[in-house]
Amino acid sequence: MQLPIYLDNNATTPCDPRVVEAMLPYFTRQFGNAASRHHVFGWAADAAVDLAREQVAALIGAEPGEIIFTSGATEAINLALQGAFEMYRTKGAHIITTTIEHKAVLDTCHRAEKLGAEVSYIPVNQTGRVNPADIEAAIKPTTILVAVMYANNEVGTIQPIADISAICRQHGVLFFTDATQAVGKIAVDVNKDGIDLLSLSAHKLYGPKGAGALYVRRKGPRVRLVPQVYGGGHEKGLRSGTLNVPGIVGLGAACAIGLKQMEADSNNTKLLRDKLEDALLQLPQAAINGDAANRLPGTTNIRFAGVESEGLLMKVSKEIALSSGSACTSGSIEPSYVLKALGLPDEAAYSSIRFGVGRFNTEEEINHVVKKVSEAVIELRSLNPFWEG
Ligand SMILES: *Cc1c(COP(=O)(O)O)cnc(C)c1O
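Here the structure is a predicted model, which means the values were calculated and not measured.

A. Fine view of the overall build of the protein chain. Regarding its fold elements, the protein chain presents 11 helices and 12 strands. Relative to the compact-globule value of 21 Å for 389 residues, the protein chain shows a C-alpha radius of gyration of 21 Å, a close match. Counting only C-alpha atoms and orienting by the principal axes, one finds that the protein chain spans roughly 70 × 55 × 35 Å. Within the span of the protein chain, comprising 389 residues, buried residues form 57% of the whole. Sequence separation of at least 24 residues holds for 74% of the intrachain contacts in the protein chain that already meet a minimum separation of 6. Summed over its atoms, the accessible surface of the protein chain is roughly 16,500 Å², and 55% of this surface lies on carbon and sulfur atoms.

B. Layout of the sheet that holds strand S3 (residues 94-98). Overall, mixed pairing links the 7 strands, which are arranged S2-S8-S7-S6-S5-S3-S4 in an open sheet. Whereas interior strands pair on both sides, the edge strands pair on one side only; in this sheet they are strand S2 (67-70) and strand S4 (118-122). On average, adjacent strands in this sheet sit at an angle of 20° to one another, irrespective of strand direction. Where S3 and strand S5 (residues 143-147) come together, 3 bridges link them in parallel fashion. Within S5, the residue paired with Ile95 across the bridge is Leu145. Along the sheet face, helix H4 (residues 103-114) touches S3, S4 and strand S6 (174-178) and points at about 150° away from the line of S4.

C. Here's a closer look at the sheet that holds strand S12 (residues 352-356). Here 3 strands make up an open sheet; going across it, the order is S9-S10-S12 and the pairing antiparallel. Each edge of the open sheet carries a strand with a single partner, namely strand S9 (286-289) and S12. When the angles between neighbouring strand axes are averaged without regard to direction, this sheet yields 30°. Where strand S10 (residues 299-304) lies against S12, 5 bridges are found, and the strand directions are antiparallel. Note that in S12 the partner of Arg303 across the bridge is Ser352.

D. Representation of the pattern of salt bridges within the structure. Following the criterion strictly, the structure yields 18 salt bridges and no others. A salt bridge links Glu118 to Lys140; its shortest N-O distance comes to 2.6 Å. Note that Glu118 is positioned in strand S4 and Lys140 in the loop between helix H5 (132-138) and S5, a separation of 22 residues in sequence. Accessibility expressed as a relative area gives 38% for Glu118, which makes it partly exposed. Residue Lys140 is classed as partly exposed on the basis of its relative accessible area of 32%. In this structure, Lys340 engages Asp346 in a salt bridge whose closest nitrogen and oxygen atoms are separated by 2.3 Å. What you see here is one network of salt bridges that share partners, running through Asp16, Arg18, Asp265 and Arg359.

E. Just a nonpolar patch on the surface, in detail. There is a patch of nonpolar side chains on the surface, built from Phe31, Val40, Phe41 and Trp43 and spanning about 440 Å² of accessible area. With respect to the helices and strands, Phe31 occurs in the loop between helix H1 (17-23) and helix H2 (40-60).

F. The packing of H2 against helix H7 (residues 245-280), seen in detail. Two elements in contact, H2 and H7, have axes separated by 8 Å at closest approach and are oriented at 35°. Judged by the sense of rotation from one axis to the other, the crossing of H2 with H7 is left-handed. Residue-level inspection shows Ala45, Ala48, Val49, Ala52, Gln55, Val56, Ala58 and Leu59 of H2 in contact with H7, the latter providing Val245, Ile248, Val249, Leu251, Gly252, Ala253, Cys255, Ala256, Gly258, Leu259 and Met262. Split into classes, the residues belonging to the contact of H2 with H7 amount to 16 nonpolar, 3 polar and no charged.

G. The packing of helix H3 (residues 73-88) against H4, seen in detail. Two elements in contact, H3 and H4, have axes separated by 9 Å at closest approach and are oriented at 30°. As judged from the angle between their axes, H3 and H4 are roughly parallel. Handedness of the crossing formed by H3 with H4: right-handed. Residues Thr74, Ile77, Asn78, Leu81, Gln82 and Phe85 of H3 pack against Ala104, Val105, Thr108, Cys109, Arg111 and Ala112 of H4. Split into classes, the residues belonging to the contact of H3 with H4 amount to 7 nonpolar, 4 polar and 1 charged.

H. The arrangement of unusual backbone geometry in detail. Here the amide bond leading from Leu3 into Pro4 is cis, since omega sits at -5°, within 30 degrees of zero. Here Pro4 is to be found in the segment before strand S1 (5-6). Cis geometry is found at the peptide bond from Gly220 to Pro221, where omega equals 0°. Tracing the sequence through the fold places Pro221 in the loop between strand S8 (212-216) and H7. The phi dihedral of Lys236 falls on the positive side, at around 60°, and the residue is not glycine.

I. Quick look at the environment of Cys168. With respect to the secondary-structure elements, Cys168 resides in helix H6 (residues 161-170). Classification of Cys168 as buried rests on a relative accessible area of 0%. Between the C-alpha atom of Cys168 and that of Asp346, which follows or precedes it by 178 residues, the distance is 34 Å. Contacts of Cys168, omitting those with residues within four sequence positions, involve Val146, Val173 and Phe175.

What counts and how
Residues numbered from 1 in each chain as written. Predicted model: local features only at pLDDT ≥ 70, side-chain atom pairs only at ≥ 80, totals over all residues. Heavy atoms only, no water. Helix = DSSP H or I, 4+ residues; strand = E, 2+ residues; numbered from the N terminus. Rg over C-alpha atoms; globule rule 2.2 N^0.38 Å. Buried < 20%, exposed > 50% of the residue type's maximum accessible area, 1.4 Å probe, protein only. Contact = heavy atoms within 4.5 Å. Areas by Shrake-Rupley, 256 points an atom, 1.4 Å probe, with all protein chains shown as cover. Pairing = 2+ DSSP bridges. Axes fitted to C-alpha atoms, helices over the stretch in contact; angles between N-to-C directions. Salt bridge = Lys/Arg side-chain N within 4 Å of Asp/Glu carboxyl O. Patch = residues over 30% accessible without salt bridge, like charges linked within 9 Å, V, L, I, M, F, W, Y side chains within 5 Å. Left-handed = near helix turned anticlockwise from the far one by under 90°. Nonpolar A, V, L, I, M, F, W, Y, C, P; charged D, E, K, R; others polar. Parallel < 35°, antiparallel > 145°, perpendicular 65-115°, else oblique.

Put into C-alpha cells, the structure is as follows:
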C-alpha cells in the first residue's frame, strides 16, 4: 500500500492508464486539427473525434450527433442554461432548479437572473431528495427549463430523474440534468430517463481534466440553444474553437471503459464504501448525511459530533486525501450549502466529512483509513472541552 491514499474521487479522479495510452498519439504523431479538411493529419484527428463522440453517446444512450464537446461540465452547464434561456426567453423566462445543485448551475442561474430570468430554487428533504410534486407545483406558463442534478457531489443522493422528466414532458418544459457525478457510475440513459440536456465531465470518470460534453436532444423535442462561444462554427456552431483532440479522445476512452466496467466498478466501490461506512459508524454519535437507499455507490458523507472536520482533515492529511465537501467551495469558512439545504445545523455541517471511493482504491487502503480516521475522531473529541460523549 502506498501513502498518501486518495479518497476524494468526487473532486476529481486519476486518469486511467488506458485513457492516457489512448491519448498519447494525439499529442505527437497525430497532432492534426480536426477541422483541417485537406490532409491526412486533419482526417486522422477528425476520425478520432468521431469515435470519441460515439463512445460518449453510447454511455448515455444518445446518438453521436447529439454530443457537443466542451472544456468540461461547467462550460456544458453554462451552454445548456444560458443557451436555453437566450433561445426561449420570448416564450418565458422562468427556470426551476434545486438548492443543492453544483455552483456551476447555481452561479449560472444567478447570472441569468441578472439578465432577466426568474429562477425558482426548490428545496430538498433531509436526505437530499427533491420531491417531483414540488417541481410540478412550481411550473408556470412561463417555465422553459427544469434543471435537477442526477446525483449530488457532496452527499451522493440520486434524484428521481425519470419522475421529474415525465412531469416536464407533460408540461412541455425542457429538462436538463447535471449528470457529472452519475455517468460511468450508475446507468444513465437519456431516453429512458427522459433527458433533453445533460452535462458530463471527463475528469470525474477517470479521464483528463479540461474535457467534457453537453448532450443536446435532437428529436422529440429538438432542443435549440444559443451558442455562448463564437468563432469558426465548430460543434454545429454551438461551441466554436479548435477541438481539444487529445482531451476528447481521453473522454471517449474513459466513457468506453466506464461502460464496460460499470457493474464491476460499482460493485467494488460500493463494497469498499459500505465497509468504510459500517466501521466508522461504530463510533458513537456518527451518522450518514444523504440518502442511504438512493446513493452513488462510492460516496459517503459522515458527520462526527464533537469533531471539527477541518481539524480532522488536517490531522490525517499526510496520509489520506479527503474533503469536507465540494472542492470549489472548500477553503471557505461557510458551512456547506448542500448540508445546510438538507436541514443540518451549522455545527453538524462543520463536523461532516466526504469520502469518495473510486476505481483504484483497495481494501487495504480502506482498512488504513478506518484506523486513522477513528483515531483522529477519538483524539479530537478528547481535546474538545464541550464533548461529553
Ligand atoms: C465537478 C462537477 C462539475 C464541474 O465539472 P468541471 O468539468 O470540473 O467543470 C459540475 N457538476 C458536478 C455535479 C460536479 O461534480
